[in-house]
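# Per-entry structural report
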Amino acid sequence: MLDIKRIRENLEDIKKAMDRRGEKEFDLDAVVELDDQRRELLKEVEALKSEMNVEQKKIPQLMKEGKKEEAEAEKVKLKELSENIKVLDEKVKKVQDELQYRLLRIPNVPNANVPQGDTDEDNVEVRKWGEPRKFDFDFKAHWDIGTNLGILDFETGAKITGSRFTLYRDKGARLERSVANFFLNTNTEEQGYTEFIPPFMANTNSFLGTGQLPKFGEDMFKVEGTDYYLIPTSEVPLTNIVANEILSYDELPLNYTAYTPCFRSEAGSAGRDTRGLVRQHQFNKVEMVKIVAPETSYDELEKLTANAEYLLQKLNIPYRVVRICTGDLGFTAAYKYDLEVWMPSYNRYVEISSCSNCEDFQARRAGIRFKRDKNSKAEYCHTLNGSGLAVGRTVAAILENYQQADGSVVVPEVLRPYMGIDVIK
């Protein structure tokens, strides 16, 4: 959430930043007007309360002096003041609620270095790693490879639940589990992350804190009759571990990782990569979250991105890193990189991780602060998150990039200790 003080003091700059995003859904002038109303109403309330305090002190003195009638008149006046304060308090609440409603729907301000653009086609390639494989046979898409090997069962997944749910069988299940374990072990043993198993559901406040609500409610699955939603990413529970807390500077940075299923309705994605494992309603992901001091957040973003890249390098799968443009940035991010893995069947790179610096946007919403020392004022942390990595998409990339002419799939060397085999036949 943007600081209202920041909006007031930098109104024209923030308007320009929102224009860069192509955002037209809200009126920043109306936000400032609401804040003006709130301030004026609060002044009136404080003036009445001050008057009330003065009048209250008169009554004991009047009673002591035997001026009962005058004391009774003061009581009537106090009642009127109290009623007027109550009316004003209700007006303040109404204005504050409307102001909060609008503030919660304003996206983050893009960093000045975010490239201008409207769609993902305007994202800027930063670097590539590895060379796409040249096949000397007719290669297949991962859904055909998995079906032919009997390790991915899309029909039974659809029978059990519905479209875009998959049943992993035998070595397919083991491959998915092996990929997740490899990611977690690398994150915790080599890259300094602390592992968690968080709840797979979170409440409304948690989703408000990380910015999925209120804007993206239709993209999530709500548990009927409760305040809970199924998580679309473990960014939600991991970030909220320290919600409404004041951390010490010495604790930072906090590096968290978790493996969870993720649930997304994928509203509006009809026809886009809906075959196979790339765009599922339920998928597994290992997430990385950082809670850091503001001055270190862009260095930490580079570390986070390098951590995700390292996983793909160990798997020896070609990928590229792109800097996300303003139109593709996402609601909470101030700056973002995507890692895109090479998928032969698509003949293009496909997103497998997003690494975002949200600056203090989530921290303000979730109340995540820190103190540099015991006497200093509490400041808002910066939060970062990145996939490390999407497990299903990694499995898809392995099947396609490591497929053989006979339909088998070579197991990447780093996964063989987890799989116990060298080839999936």
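Now for a look at the structure at hand. Treat the numbers as computed from the prediction; the structure is a model and nothing was measured.

Rules of the game
Residues numbered from 1 in each chain as written. Predicted model: local features only at pLDDT ≥ 70, side-chain atom pairs only at ≥ 80, totals over all residues. Heavy atoms only, no water. Helix = DSSP H or I, 4+ residues; strand = E, 2+ residues; numbered from the N terminus. Buried < 20%, exposed > 50% of the residue type's maximum accessible area, 1.4 Å probe, protein only. Polar contact = N/O pair within 3.5 Å; in protein donor to acceptor, adjacent residues only side chain to side chain. Contact = heavy atoms within 4.5 Å. Core = buried A, V, L, I, M, F, W, Y, C linked by side-chain atoms within 4.5 Å. Pairing = 2+ DSSP bridges.

As a further point, take the side chain of Glu-287. Here Glu-287 lies in strand S9 (residues 282–292). Classification of Glu-287 by relative accessible area gives buried; the value is 2%. A distance of 2.4 Å separates a polar atom in the side chain of Glu-287 from a polar atom in the side chain of Lys-285. With residues up to four places along the chain from it excluded, the contact list for Glu-287 reads Thr-233, Ser-234, Glu-235, Leu-238, Tyr-256, Thr-257, Ala-258, Asn-385, Gly-386, Ser-387 and Gly-388.

What follows concerns the nonpolar core. Leu-175, Phe-183, Ile-398, Leu-415 and Ile-424 are the most contacted members of the largest nonpolar core, which has 54 residues in total. Apart from residues no more than four positions distant in its own chain, Ile-424 is found in contact with Leu-149, Ile-151, Lys-171, Leu-175, Ser-408, Val-409, Val-411 and Met-419. Counting 33 residues, the second largest nonpolar core, distinct from the first, contains Val-32, Leu-78, Leu-81 and Phe-331.

Read from one edge of the open sheet, three strands run S7-S13-S14, paired in mixed fashion. Because the sheet does not close on itself, it has two edges, and the strands there are strand S7 (245–248) and strand S14 (379–380). Examined bridge by bridge, S7 and strand S13 (residues 368–371) share four bridges and lie parallel to one another. Across the sheet, residue Leu-247 finds its bridge partner in S13, namely Phe-370.

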